[in-house]
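# Structural overview for review
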Amino acid sequence: MKFQIEDVTVYFPYDHIYPEQYSYMIELKRTLDAKGHCLLEMPTGTGKTFALLSLITSYSLSKPQSPMKLIYCTRTVHEMEKTLAELKILHNYQIKHLGPQARILAIGLSSRKNLCVNPTVVAAENRDSVDAGCRKLTASWVRALAEENTDVTTCEFFENYEKAASAAVLPPGVYTLQELRAFGKEKGWCPYFLARHMVQFANVVVYSYQYLLDPKVAGIISKEMQKESVVVFDEAHNIDNVCSEALSVSVRRQTLEGATRNLSRISQEIDRFKATDTSILRAEYNRLVEGLALRGNLPITDNWLSNPALPDDILKEAVPGNIRRAEHFLHVLRRLVQYLSGRLDTENVEKESPVGFVASISSHAGIDQKILKFCYDRLHSLMLTLEITDTDEFLHIQTICDFATLVGTYGRGFSIIIEPFDERMPHIPDPVLQLSCHDASLAIKPVFDRFQSVVITSGTLSPIDLYPRLLNFHPVVSRSLTMSLTRDCICPMVLTRGSDQLPVSTKFDMRSDPGVVRNYGKLLLEMVSVVPDGIVCFFVSYSYMDGIINTWNDSGILKEIMQHKLVFIETQDVVETTLALDNYRRACDCGRGAVFFSVARGKVAEGIDFDRHYGRLVIMIGVPFQYTLSKILLARLEYLRDTFQIKEGDFLTFDTLRQAAQCVGRVIRSKADYGMMIFADKRYSRHDKRSKLPSWILSHLQDANLNLSTDMALHIAREFLKKMAQPYDKTGSSDKKTLLSQEELEKLGDGSMHEMSY
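In this text the structure is predicted, and so the values were computed from the model without any measurement.

The rules we used
Residues numbered from 1 in each chain as written. Predicted model: local features only at pLDDT ≥ 70, side-chain atom pairs only at ≥ 80, totals over all residues. Heavy atoms only, no water. Helix = DSSP H or I, 4+ residues; strand = E, 2+ residues; numbered from the N terminus. Rg over C-alpha atoms; globule rule 2.2 N^0.38 Å. Buried < 20%, exposed > 50% of the residue type's maximum accessible area, 1.4 Å probe, protein only. Contact = heavy atoms within 4.5 Å. Areas by Shrake-Rupley, 256 points an atom, 1.4 Å probe, with all protein chains shown as cover. Pairing = 2+ DSSP bridges. Right-handed = clockwise from strand over helix to strand, strands pointing away. UniProt positions renumbered as here; feature names shortened; annotations may be inferred. Core = buried A, V, L, I, M, F, W, Y, C linked by side-chain atoms within 4.5 Å. Axes fitted to C-alpha atoms, helices over the stretch in contact; angles between N-to-C directions. Parallel < 35°, antiparallel > 145°, perpendicular 65-115°, else oblique. Left-handed = near helix turned anticlockwise from the far one by under 90°. Nonpolar A, V, L, I, M, F, W, Y, C, P; charged D, E, K, R; others polar.

## Some points on the overall build of the chain
On a plain count of helices and strands, the chain comes out with 33 helices and 21 strands. In terms of overall size, the chain behaves like a compact globule, its C-alpha atoms giving a radius of gyration of 28 Å where 758 residues would be expected to give roughly 27 Å. On the principal axes, the C-alpha backbone points of the chain span a range of 85 × 70 × 50 Å. Sorting the 758 residues of the chain into buried and exposed places 57% on the buried side. Taking all contacts inside the chain whose residues are at least 6 apart in sequence as the whole, residues at least 24 apart take part in 79%. Accessible surface for the chain amounts to roughly 31,200 Å². Of this, 51% is attributable to carbon and sulfur atoms.

So, in structure tokens, the structure goes:
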């Protein structure tokens, strides 16, 4: 369908549109018109991605004179592929109506691991090894050597890409990662470097959050992006955590041991160069004396990761004199590794500010702040000079230089926390030194400053008012949209007690009470006997899940559950969990039914959909608070309180309920779907906790479902399933429309449309 929103003709590839999609588009247009940033929450399964892509590409088409680019950030490769597939449908529709003028170039950009087509390189088991394998074949000095010596192998795909020069371009179209690889194979060009090159010319770029938020990656991938771009962070409920992690570094014993080995190897390389060709080292020294930019115009293949500090905070000065010589720099790094090693030999938890830590390094190891700031760039320059290609071997020394540069650059918003062991396993010594960033606004500030509009959107942003404070920005639009439904296909319940009227909760003083564990088991047992197909059960942590399953196994409850449905469990191993999920789906497909035990904050809670018969009920056992004795969490809470006046309790509740909402939201993925959600903990009955859940869940949470025992929940489940088994009208009655045709859209004025969606 084709319709107008003020002066923009929106192309939408379906015959009907949801009212909330239309409202979402109106809010988006307001944001783009105001050239500002926005926060938009819209329930899962309501076509958020299509609404976003339709409005932004149509807006761009209506203003051909403005060079607007869409940068769409997703969390996973799976989401990236899904977004590009949806964009392809939309693009074909626009071409059908507008012809060649609607042509765009849209590409997904991912790591070499996902784009490389060279069989020998891509066979490596992890991303770092693939990156290093690529460098071994494409580095400028390797290629120069290959010209003189035919025995030196290079990458034929990269060589063909280089030979094609300006002819190596992607024709307009929408390319998923798979299609990029297929195009590269067909032409004999390297898809990774082709995509990297085409990013600056593409109208739509889809890639991971890190490409914008992590300075090391953003410095080489996103520096070309123009200001007129619109940036979308999809599924952005955890964006504050992603920002903090982008500027945090952990150093363990293994890191320091690996760094020591790396330094010995670098030292050998320096000696080799001194013996054969001292001019190279002298040329590097002269370049540093002149204070030339370390990067210069490096060939794209030699580009390593950028500086870990944010662009505005990097010194535009010459490298300090005492680390210009390679041997002197190595000596400094050895002293730094020795100092950090000494700091890890502690029996007490220590917390320090970066300023105090830098002063301590200066007095004990004689390394001043300016030297620390330049560690990362100086290492990069040295590794290029020494022509080192196996960068995966040098990850440990890179981490140390990462740490040094960050600690030397930032005085505020960070803490250094040294822990001699994990508090949950105090008998196993595992010392770790963490530079932890507490201020999420640091990493995202360059994005807000640089781009015209930033859209932060997800199905669970409630409570939405905390994000502007956490990320320190002023949105021009901040809205939470509800879900228009023809039938009440979501049934949330708060279960506070078992059939024996004993309260249930995962509060620390109650969680191991045999009565509570038994009641949780009885709840699941009753539900598996009446709910068809798939049930997903979320626990607050892996250790609690292990404990409770063991108890159920000993008491025979697990055996009884398995008489009704098969049981599958998420573990911390990705391969095992993928296999378990696959078999869970097969059990649901063949009608046997299954239960999936999972963990809040785990991989499954974040990215796996349990739509249709894969999830008819989700049980959230307990309230998934973060581990509140974590020193990093306590330091972050203290920082948020002092800097942004966010109370500890407010942040913990906000963080917990967005996780709980994320877990239960897995169960409903479209309006034709239906599912029940049980919040099994007496604490959910408190209004101050419950009110922080997203409005689309709260609007279906009836007062009668707020304080249930197991048998009451069972009765409600039976009634709900009977009701859902009846046929229903998908488009809805005239007073409660959930699907609007083009005629109905045109009939409705903007005013009445707004009334429907609010």
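## Describing the pairing of strand β17 (residues 566-569)
Across four bridges, the pairing between β17 and strand β18 (residues 594-599) is parallel. The residue bridging Ile569 from the neighbouring strand is Phe597, located in β18. Handedness of the β-α-β unit built from β17, helix α25 (residues 574-589) and β18 comes out right-handed.

## Side note on the side chain of Ser436
Position of Ser436 relative to the elements: it lies in strand β12 (residues 429-437). Judged by its relative accessible area of 5%, Ser436 falls in the buried class. When neighbours within four sequence positions are excluded, Ser436 is seen to be in contact with Ser248, Gly413, Phe414, Ser415 and Ile632.

## Regarding the UniProt feature "domain: Helicase ATP-binding" (unreviewed entry) in the chain
Within this numbering scheme, the UniProt entry marks residues 7-285 as carrying the feature "domain: Helicase ATP-binding" (unreviewed entry). Helix makes up 58% of residues 7-285 and strand 12%. Its end C-alpha atoms lie 59 Å apart.

## Regarding unusual backbone geometry
Of note, the phi angle at Glu387 is positive, near 55°, even though the residue is not glycine. Summarising the element assignment, Glu387 is placed in the loop between α18 (369-385) and α19 (395-409). You can call Glu387 partly exposed: its relative accessible area is 35%. One non-glycine residue, Gln501, lies in positive phi territory at about 70°. On the basis of relative accessible area, Gln501 is assigned to the partly exposed category, the value being 44%.

## Quick look at the nonpolar core
Formed by 172 residues in total, the largest nonpolar core has its most connected members in Phe3, Tyr207, Phe233, Ile239, Ile444 and Ile456. Ranked by residue count, the leading element in this core is helix α16 (residues 326-344), at ten residues. Residues in contact with Tyr207, not counting those within four places in the same chain, are Ile71, Tyr72, Cys73, Thr74, Met80, Leu109, Leu212, Ile221, Ser222 and Met225. Residues Val494, Met545, Val604 and Phe720 belong to the second largest nonpolar core, which totals 83 residues.

## Considerations on the sheet that holds strand β14 (residues 477-480)
Taken together, eight strands build an open sheet; the order of strands is β6-β5-β7-β4-β8-β13-β3-β14 and the sheet is parallel. The two strands at the open ends of the sheet, each matched to only one other strand, are β6 (173-175) and β14. Neighbour-to-neighbour, the strand axes of this sheet turn through a mean angle of 15°, independent of strand direction. Examined bridge by bridge, strand β4 (residues 70-74) and strand β7 (residues 204-208) share five bridges and lie parallel to one another.

## A short note on the sheet that holds strand β10 (residues 350-352)
One open sheet accounts for four strands, arranged β9-β12-β11-β10; its pairing is antiparallel. A strand with exactly one partner marks an edge of an open sheet, and here the two such strands are β9 (249-252) and β10. When strand polarity is set aside, the average angle formed by the axes of neighbouring strands in this sheet is 15°. Two elements, β9 and β12, share four bridges in a ladder whose sense is antiparallel. Within β12, the position partnered with Val249 by the bridge is Leu435. Here α16 sits on the sheet and contacts β9, β10, β11 (414-421) and β12; the angle it forms with β12, its principal contact strand, is near 115°. Relative to the sheet, α19 contacts β9, β11 and β12, its axis offset from that of β9 by approximately 130°.

## Some thoughts on the packing of helix α22 (residues 514-530) against helix α31 (residues 710-724)
The N-to-C vectors of α22 and α31 enclose an angle of 20°; their axes lie 10 Å apart at closest approach. Comparing their axes, α31 and α22 come out roughly parallel. Judged by the sense of rotation from one axis to the other, the crossing of α22 with α31 is right-handed. Every residue of α31 that contacts α22 at Lys522, Leu523, Glu526, Met527 and Val530 is listed here: Thr710, Ala713, Leu714, Ala717, Arg718 and Leu721. Within the contact of α22 with α31, the residues separate by chemical class into seven nonpolar, one polar and three charged.

## Thoughts on the packing of α16 against helix α17 (residues 354-365)
Relative orientation of the contacting elements α16 and α17 amounts to 115°, with a least axis distance of 11 Å. Taken as axis vectors, α16 and α17 run roughly perpendicular relative to one another. In terms of crossing hand, the pair formed by α16 and α17 is right-handed. Counted together, Arg335, Leu336, Tyr339, Leu340 and Arg343 of α16 and Phe357, Ser360, Ile361, His364 and Ala365 of α17 form the full contact between these two elements.

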